[in-house]
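Letter by letter, the chains look like this.
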Amino acid sequence: MAVFRVGENIFVLENESFQYVMGVGADGTVRHLHWGDKVSPDDFEVRVFDDINSNHSYRDTICEEYSSFGGKLFRDCAFKCEFSDGVRDAVLVFEDYVISEDTLKLILRDIRYGLEAELIYKVYDGCGVMGRKTVIRNVGEDRIECEKIMSAELSFPEKCEYEVINTNGTWWGEYQIVRERLSGGSLSFESRKGTSAHCNAPFFIAEPSLRDGGKILFAALAYSGSFKVSVSRDSFNVTRALLGVNDFDFGVTLKKGEKFSAPWVYFGSAQCADEVSRIMNRFALKHVFPEQFREKPLPVLYNSWEATGFNVTAESQKELADKAAKTGVEVFVMDDGWFGERKDDFAGLGDWYVNREKFPKGLSELIDHVNALGMDFGLWVEPEMVNPDSDLYSEHPDWVYHFKTRTPSRMRNQLVLNLTKPQVKEFVFGFIDKLLSENNIKYIKWDMNRPISEPGADNLENSRELWFRHTQAVYDIVDSLKAKYPETQFEACASGGGRCDYGAFGHFDEIWTSDNTKPVDRIDIQNGYSLINPTKAMRAWVTDSSDAPWSFKFNIAMQGSLGLGMNLFECSEDDLDVMKEYVSLYKKYREVIQFGDRYCLMNLEDHGLNAVEFVTEKENRAIVFAAAVNTKHLHRSFKIRLRGLDEKSRYRVEIGGESTEKSGSYLMHAGLERDFGGDFKSEIWTVNRL
Ligand code: DGJ
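The model shown is predicted, which means the values in this text are computed figures rather than measured ones.

S.K.: Lay out unusual backbone geometry in plain terms, naming residues and giving numbers.
M.R.: Non-glycine residue Ala-197 carries a positive phi angle of around 70 degrees. Assignment of secondary structure puts Ala-197 in the loop between strand S13 (185–190) and strand S14 (203–208). A positive phi angle, near 55 degrees, is found at Asp-249, a position not held by glycine. Of note, Asp-249 is situated in the loop between strand S17 (239–245) and strand S18 (252–254).

Spelled out as structure tokens, the structure:
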């Protein structure tokens with residue numbers, strides 16, 4: 001791992017898997033020179049280019065580290081602003097640099113105005129990932145109106161076409177993988193909803209279309225609000241990516257001395273797309289998750305939502321908890337319905353006092369009961385929202401985002417609180433603080449069930465700032481609560497997987513993956529999630545949502561942080577025993593699953609079988625989940641080859657009651673042939689080095 005300067009104008013970053021090199025051109029632009037295997041840093045030089053002709057300027061053809069709108073730049077750029085005299089032309093040139101251990105700061109200054117851009121690069125040890133972000137500062141006297149501030153611009157090393165991978169999902173169908181071959185023009189993946197949302201995701205993975213392979217590139221934006229990831233291939237075959245806060249309806253006014261800090265982008269390269277998931281998984285475990293639970297395995301939980309919906313009462317939840325305890329779960333989470341006048345989704349949000357009809361003795365009766373059963377207690381909240389039918393809204397109708405002359409749109413009968421108002425932010429922190437200080441709550445499920453619309457915030461001089469200010473307020477509140485209550489876990493939920501991104505992973509301990517808990521649908525959802533997101537954060541419940549047998553449902557849900565969400569009132573004692581066995585097996589292997597390397601060995605689309613393996617870094621333990629939805633005719637036999645084991649060691653493989661001993665090389669290269677004939681056939685293999 002190294003960060004250094006060569007000669008006057010070359011800057012080099014190196015980690016264990018790649019080198020990233022920049023140089024300052026004679027015109028002061030900071031150029032991108034290399035993203036790939038390590039080469040001798042002394043050989044780099046910054047070439048001088050001329051305009052090709054009157055139609056193609058040199059600035060359109062070079063690769064800049066952070067391009068600004070201005071001069072002869074006609075392609076998409078990282079930054080755009082307007083100075084107080086109406087000039088919309090930023091000329092950012094290299095001014096200075098700072099190197100400290102793992103970090104490089106390149107400072108760019110406008111040649112005339114008080115505008116400074118700090119390009120910050122960080123090399124993370126031990127995982128093949130680098131980070132970069134941008135800070136824009138007003139170092140002059142007059143205000144600057146910024147219209148676009150991307151976090152990073154990345155130029156791809158090959159001039160070939162790239163296949164760009166992202167997701168294109170929905171609520172109930174998150175993380176559906178899409179691959180787009182980019183021959184020319186732009187691909188744009190974005191959210192305009194105020195969360196990262198269920199549709200596209202704030203990352204890209206790009207595969208070069210080279211005969212001899214070439215490196216896969218990837219980058220993920222650490223941001224949970226409206227984002228944009230665009231990848232463009234210009235007419236000269238250069239591909240570049242921009243990642244950052246979405247510039248749609250974006251604005252930042254910077255007065256003298258003010259700055260805007262754009263979110264981090266984590267980026268790297270891999271041998272194959274499946275390796276991206278392992279690199280980023282290790283990175284998240286080492287550098288991203290909040291420290292409180294970073295090194296601890298997450299508990300198995302039970303959640304009441306699919307069993308009791310809004311109809312929660314002290315009695316029903318106590319009975320549910322009795323049953324949940326029999327399965328061996330460690331946290332009992334009571335979902336929506338416990339507060340205010342909450343009987344359905346028409347009322348109550350904002351009134352975060354306990355509904356005394358449902359809980360005559362308050363929450364403590366239930367919490368004590370849950371604790372006495374040996375489980376921790378968790379609670380659902382939706383802090384960013386208010387129902388018009390609530391005391392909070394009657395008292396503070398001006399606390400929601402709205403435009404004065406428009407009626408704010410309701411979605412799920414609720415409005416979004418304006419968290420950019422300090423008093424609203426204080427209110428949200430205050431009610432959760434009160435809940436946590438008065439009750440033994442070890443788990444908070446933080447939900448967010450609708451996008452921001454009619455984005456008016458008349459408390460802000462520039463109300464376009466509300467998009468990122470809202471996201472920042474959520475992070476601030478969660479960070480403060482986590483600091484005060486370090487033993488309480490926080491789950492980010494936004495109608496299922498609407499807040500799943502590296503921003504959320506930096507502030508929450510886990511996310512709710514999808515409201516769709518049907519195991520067959522979950523296979524796609526989870527494989528899409530796992531393209532780049534860490535296993536540990538992926539909550540996965542077993543529920544009643546399909547007729548598949550428990551074996552199949554657990555097979556799928558055990559590939560993340562396991563939860564149960566079925567209606568336990570309808571389960572027999574035998575069912576509870578079966579659940580207990582799976583929960584106990586999960587606990588034995590959860591370190592392998594939550595902290596191990598994930599290999600997608602086979603998938604339904606290509607092979608007719610989904611086979612996912614998790615292996616410890618030391619290659620001594622693994623667990624394999626193989627499942628076929630329905631095999632056809634006589635096509636029922638599948639050869640499963642493992643990955644990530646030690647070739648020379650011998651392993652015991654246990655599948656149900658059977659056991660066999662094989663070498664690592666046999667398991668990886670010859671593989672085991674297994675029969676999956678029938679519907680919903682699945683197997684869990686445990687693999688242990690002898
Ligand atoms: C949406 C979440 O995704 C569900 O799990 C549940 O918590 C409901 N909201 C409650 O309203």
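S.K.: Break down the environment of Asn-567 for me, citing the residues and quoting the values.
M.R.: For Asn-567, the position within the fold is in the loop between strand S30 (561–564) and helix H13 (573–595). As for Asn-567 and Ala-307, which are separated by 260 residues in sequence, their C-alpha atoms are 4.1 Å apart. Once you skip the residues sitting within four places of it in the chain, Asn-567 turns out to touch Tyr-302, Ala-307 and Asp-544. A polar atom in the side chain of Asn-567 sits 3.1 Å from the backbone nitrogen of Phe-569.

S.K.: Requested: an account of the nonpolar core, with residues and values cited.
M.R.: In terms of nonpolar packing, the biggest core is built from 118 residues, with Met-280, Tyr-302, Trp-338 and Phe-554 touching the most fellow members. Looking at this core element by element, the count peaks at eight residues for H13. Setting aside residues no more than four positions away along its own chain, Phe-554 makes contact with Val-542, Leu-562, Leu-564, Met-579, Tyr-582 and Val-583. In this structure, Phe-79, Met-150, Phe-204 and Phe-250 belong to the second largest nonpolar core, which totals 62 residues.

S.K.: Give me the lowdown on the sheet that holds strand S35 (residues 650–655), citing residues and values where you can.
M.R.: Taken together, six strands build an open sheet; the order of strands is S31-S32-S33-S38-S35-S36 and the sheet is antiparallel. Edge positions in the sheet fall to strand S31 (597–602) and strand S36 (658–663), since each of these pairs with one other strand and no more. On average, adjacent strands in this sheet sit at an angle of 20 degrees to one another, irrespective of strand direction. Direction of pairing for S31 relative to strand S32 (residues 610–615): antiparallel, over a ladder of five bridges. Across the sheet, the residue bridging to Met-602 is Ala-611, located in S32. Packing of H13 onto the sheet brings it into contact with S31, S32, strand S33 (621–630) and strand S38 (679–689), and relative to S33 it is tilted by some 110 degrees.

S.K.: Before we move on, can you summarise the packing of helix H5 (residues 314–327) against helix H6 (residues 364–372) with the specific residues and values?
M.R.: One way to put it is that H5 packs onto H6 with a least axis distance of 10 Å and a crossing angle of 10 degrees. When the interaxial angle is binned, H5 and H6 end up roughly parallel. Only Glu-365, Leu-366, His-369 and Val-370 of H6 make contact with H5, whose side of the interface consists of Ala-314, Glu-315, Gln-317, Lys-318, Ala-321 and Asp-322. Here the contact of H5 with H6 is composed, by residue class, of four nonpolar, two polar and four charged.

Conventions we followed
Residues numbered from 1 in each chain as written. Predicted model: local features only at pLDDT ≥ 70, side-chain atom pairs only at ≥ 80, totals over all residues. Heavy atoms only, no water. Helix = DSSP H or I, 4+ residues; strand = E, 2+ residues; numbered from the N terminus. Contact = heavy atoms within 4.5 Å. Polar contact = N/O pair within 3.5 Å; in protein donor to acceptor, adjacent residues only side chain to side chain. Core = buried A, V, L, I, M, F, W, Y, C linked by side-chain atoms within 4.5 Å. Buried < 20%, exposed > 50% of the residue type's maximum accessible area, 1.4 Å probe, protein only. Pairing = 2+ DSSP bridges. Axes fitted to C-alpha atoms, helices over the stretch in contact; angles between N-to-C directions. Parallel < 35°, antiparallel > 145°, perpendicular 65-115°, else oblique. Nonpolar A, V, L, I, M, F, W, Y, C, P; charged D, E, K, R; others polar.

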